[in-house]
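# Examining the three-dimensional arrangement
Listed here are the chains, written in short residue letters.
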Number of protein chains: 2
Amino acid sequence: MAQLNTVDRILDAAEELFAERGFSETSLRMITSKARVNLAAVNYHFGSKNALIHAVFARFLTPFSATLQHAFDELEARCEVDPPTLNQILWALTESAVRMPQRNERGISIFMRLLGLAYTQSQGHLRKFLEQEYSEPFSRFMSLLKDATPQLSAVDRYWRIQFMLGATAFTMSSSEALQDILRNKLGVETTVQEIAARLVPFLAAGMQAPDTFQIPSAPDNSPVA
Amino acid sequence: MAQLNTVDRILDAAEELFAERGFSETSLRMITSKARVNLAAVNYHFGSKNALIHAVFARFLTPFSATLQHAFDELEARCEVDPPTLNQILWALTESAVRMPQRNERGISIFMRLLGLAYTQSQGHLRKFLEQEYSEPFSRFMSLLKDATPQLSAVDRYWRIQFMLGATAFTMSSSEALQDILRNKLGVETTVQEIAARLVPFLAAGMQAPDTFQIPSAPDNSPVA
DNA sequence: GTCTGTTTGAAACATACGTTTGAAGCACAT
DNA sequence: ATGTGCTTCAAACGTATGTTTCAAACAGAC
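Only a predicted model underlies this, so the values are computations on that prediction, with no experimental measurement involved.

Here we come to the overall build of chain A. Scanning chain A from terminus to terminus reveals 11 helices and 0 strands. For chain A, the spread of C-alpha atoms along the principal axes amounts to about 60 × 55 × 40 Å. A burial count over chain A gives 52% of its 225 residues as buried. Taking the intrachain contacts of chain A between residues at least 6 apart in sequence as the baseline, contacts between residues at least 24 apart amount to 73%. Charge separation in chain A, taken as the distance between the mean sites of 21 positive and 24 negative side-chain charges, equals 8 Å.

Laid out in structure tokens, this is it:
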């Protein structure tokens, strides 16, 4: 690995370790020793561990957010009259992610895994940070989705978006492990692009599924027959 | 809250706190003070924090596993010739979860959130514990899914199962937060049963989506249309 | 060379954690 | 009443964490 400055070395090490182990489970000492940097460097350059977490996210989220805005601009410009379709929106998102310049071949995996962790781990400060830093592309995505699925009620749409996010974040976040399993079991090689290519139709189909047809009733009978 | 014995008080408190904050972020001191129990009681009754985590899972997973096996038995008995359909399998799973006797009204939320955490926060010891304790119902579920989706290639099925798991684990693991957002934004109350009722059609539709229609190539052409 | 502002370094700090200890408390059979 | 086995308790232990300190090293300007 090239000899980078202290700040970047810390960010690289932190990014990788956070993605591997989560935030609370990664100590500053792990980060600084992986980065071959003095322990105090984190607090000197970033101020605190939480600020370092924010910086890790900002480093890839800020350019991604710009790329995404651009992709959405193009999309809306291309189809002036009708709103973009669900497939178009999802592909724009996917392509923006795939096209992001990666620091290494695992870039997308790490990227996705971190996003999943941001959602999943309870870190209140992170959620707050992401919400106030990147609310614009997010709500724009939501708004596009809304126009693309007018047949859905607001509540249905809300939940189905969560399902999409879940399938994506979860799969991508463990994509390396999943690719390994597939290689060992079926002898198949898979790229992240191919996973995305399988994911988008899945999501689109789920998003456009027929209405909820049944609510399970209250369980007043014995759980075992 | 009724005056239970020490072991149950610890399990109740731990379950709730783990679901709220995750495992690493929950200390034994939080647990014992919420349970109004001496700090040493955890190590006395369970041996270690990890063993306590296992016990929390075992308490609801063991009866759930039995319920599920029973539901699968019924399902296979009901349709002797044709294998159970995808919808039937998913509903059997959902109903088994919903019908589990709950300690309180948030029981299912906690239950689901813990399952989600088990997948995402994956503490190594937890994954190992779950795999060797509950591999049977899991592989049976996989096998049923295989028979229900003969039209899918093994690779497609594999990925789509991951997508389903992801959507489920992810949504359920943050179901309370998502319910809060929905309450504040749209003023809608949602039960876990309703989430499940929305999730199943989404999953079934995604699972049966038409074949992958396109693999994105090097990113210079537009994938849309 | 010397000064100046920035960055690194080794060490310590305060705090929180999981775990262990050993005495005290308790219920119950003898 | 006395002894016994299990449970609770306050206190301490050892370790790991995030953070701070302050001197040393460094780089660039004069």
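That shown, we press on.
Quick look at unusual backbone geometry now. A positive phi angle is found at A:R36, which is not glycine, with a value near 50 degrees. By the element assignment, A:R36 lies in the loop between helix 2 (28-34) and helix 3 (40-45).

What follows covers helix 9 (residues 154-173) of chain A. The terminal C-alpha atoms of helix 9 of chain A lie 28 Å apart, and with 20 residues this matches the ideal 28 Å at 1.5 Å per residue to within 8%. In terms of burial, helix 9 of chain A is a largely internal element, 18 of the 20 residues being buried.

The next subject is the packing of aromatic side chains. All names here are of chain A. In this structure the tally under the stated criterion is 19 aromatic pairs over all chains. Arranged with centres 6.4 Å apart and planes meeting at 10 degrees, the rings of F72 and F141 form a pair that is stacked. Of the two residues, F72 sits in helix 4 (residues 49-78) while F141 sits in helix 8 (residues 135-148), which places them 69 residues apart along the sequence. Residues F72 and F141 agree in their burial class; the two are buried. Taken together, F18, F23, F57, F60, F64 and F111 form an aromatic cluster joined through their ring pairs.

Okay, the protein's contact with DNA strand C next. With respect to spatial proximity, 15 residues lie near DNA strand C, and among them A:T6, A:H45, B:L28, B:R29 and B:K49 are the closest. In DNA strand C, atoms within 4 Å of the protein come from the sugar-phosphate backbone in 48% of cases. A distance of 2.4 Å is found between a phosphate oxygen of DNA strand C and a side-chain nitrogen or oxygen belonging to A:T6. In the model, a phosphate oxygen of DNA strand C is placed 3.3 Å from a nitrogen or oxygen of the B:N43 side chain. Secondary-structure elements contributing two or more residues to the surface near DNA strand C are helix 3 of chain A together with helix 2 (28-34) and helix 3 (40-45) of chain B. Counting residues per element, the surface near DNA strand C draws most heavily on helix 3 of chain A, at 3 residues. Class assignment for the residues of the surface near DNA strand C results in 5 nonpolar, 7 polar and 3 charged.

Bringing the pattern of salt bridges into the picture now. Taken as a whole and judged by the stated rule, the model has 18 salt bridges over all chains. Measuring nitrogen to oxygen at the nearest pair gives 3.4 Å for the salt bridge that ties A:R99 to A:E95. Note that A:R99 and A:E95 are positioned in helix 5 (residues 86-99) at a spacing of 4 residues, about one turn of the helix. Given a relative accessible area of 13%, A:E95 falls into the buried group. When the shortest N-O distance is used, the salt bridge between B:K34 and B:E16 registers 3.9 Å. Note that B:K34 is positioned in helix 2 and B:E16 in helix 1 (residues 6-21), a separation of 18 residues in sequence.

Before going further, it helps to spend a moment on the relation of the copies chain A and chain B. With an RMSD of 0.9 Å, chain A superimposes on chain B once it is rotated by 178 degrees and translated 0.4 Å along the axis. Put plainly, the chains are arranged around a two-fold axis. A share of 90% of interface residues in chain A that are also interface residues in chain B marks the association as one of identical surfaces.

Do not read the predicted coordinates in detail wherever pLDDT is low. Summing up the model confidence of chain A, the mean pLDDT is 87 and the portion of residues at 70 or higher is 92%. Between residues 215-225 of chain A, whose pLDDT stays under 50, and residues either more than four places distant or in other chains, the model counts 16 contacts.

Okay, the protein's contact with DNA strand D next. Close contacts around DNA strand D come from 15 residues, with A:L28, A:R29, A:K49, B:T6 and B:H45 the closest. In DNA strand D, atoms within 4 Å of the protein come from the sugar-phosphate backbone in 48% of cases. A distance of 2.9 Å separates a base nitrogen of DNA strand D from a polar atom in the side chain of A:R29. It is helix 3 of chain B that provides the largest number of residues to the surface near DNA strand D, a total of 3 residues. Here the residues of the surface near DNA strand D sort into 5 nonpolar, 7 polar and 3 charged.

Right, let's talk about the nonpolar core for a bit. If you look at the biggest cluster of nonpolar residues, it comprises 142 residues, and the most contacted ones within it are A:L52, A:F57, B:L52 and B:F57. Per-element tally for this core: the top contributor is helix 4 of chain A, with 12 residues. Not counting the four nearest positions on each side in its chain, A:F57 is found in contact with A:F23, A:T62, A:L114, A:L115, A:A118, A:L126, A:F129, A:L130 and A:Y134.

Attention now goes to the side chain of A:T190. The residue A:T190 is located in the loop between helix 10 (175-186) and helix 11 (192-207) in this model. For A:T190, a relative accessible area of 9% translates into the label buried. If sequence neighbours within four positions are ignored, A:T190 has contacts with A:Q179, A:L182, A:I195 and B:W159.

Between chain A and chain B, the residue contacts involve 62 residues of the former and 69 residues of the latter. Here chain A meets chain B over a buried area of about 5800 Å², counting both sides, of which 72% is carbon and sulfur. Taken as a group, A:W159, A:F163 and A:F202 account for 14% of the area that chain A buries against chain B, more than any other trio of residues on that side. Counting every contact that joins chain A to chain B gives 2 salt bridges. Across the pair A:R198 and B:D156 runs a salt bridge whose closest N-O atoms are separated by 2.4 Å. Here chain A and chain B share 6 residue pairs in polar contact (both at pLDDT 80 or more) between them. Where the side of chain A that touches chain B is concerned, the elements lending two or more residues are helix 5, helix 6 (107-120), helix 9, helix 10 and helix 11 of chain A. The element best represented in the side of chain A that touches chain B is helix 9 of chain A, accounting for 15 residues. When grouped by side-chain class, the residues that make up the side of chain A that touches chain B number 34 nonpolar, 18 polar and 10 charged.

The rules behind each value
Residues numbered from 1 in each chain as written. Chains lettered and ligands numbered in written order. Predicted model: local features only at pLDDT ≥ 70, side-chain atom pairs only at ≥ 80, totals over all residues. Heavy atoms only, no water. Helix = DSSP H or I, 4+ residues; strand = E, 2+ residues; numbered from the N terminus. Buried < 20%, exposed > 50% of the residue type's maximum accessible area, 1.4 Å probe, protein only. Contact = heavy atoms within 4.5 Å. Lys, Arg positive; Asp, Glu negative; His and termini not counted. Charge placed at Lys NZ, Arg CZ, Asp CG, Glu CD. Expected span 1.5 Å × (residues − 1). Phe/Tyr/Trp six-rings, centres within 6.5 Å; stacked < 30°, edge-to-face > 60°. Near = heavy atom within 4 Å. Polar contact = N/O pair within 3.5 Å; in protein donor to acceptor, adjacent residues only side chain to side chain. Nonpolar A, V, L, I, M, F, W, Y, C, P; charged D, E, K, R; others polar. Salt bridge = Lys/Arg side-chain N within 4 Å of Asp/Glu carboxyl O. Least-squares fit on C-alpha atoms with pLDDT ≥ 70 in both. pLDDT = per-residue confidence, 0-100. Core = buried A, V, L, I, M, F, W, Y, C linked by side-chain atoms within 4.5 Å. Buried area = accessible area lost by both parts, 1.4 Å probe.

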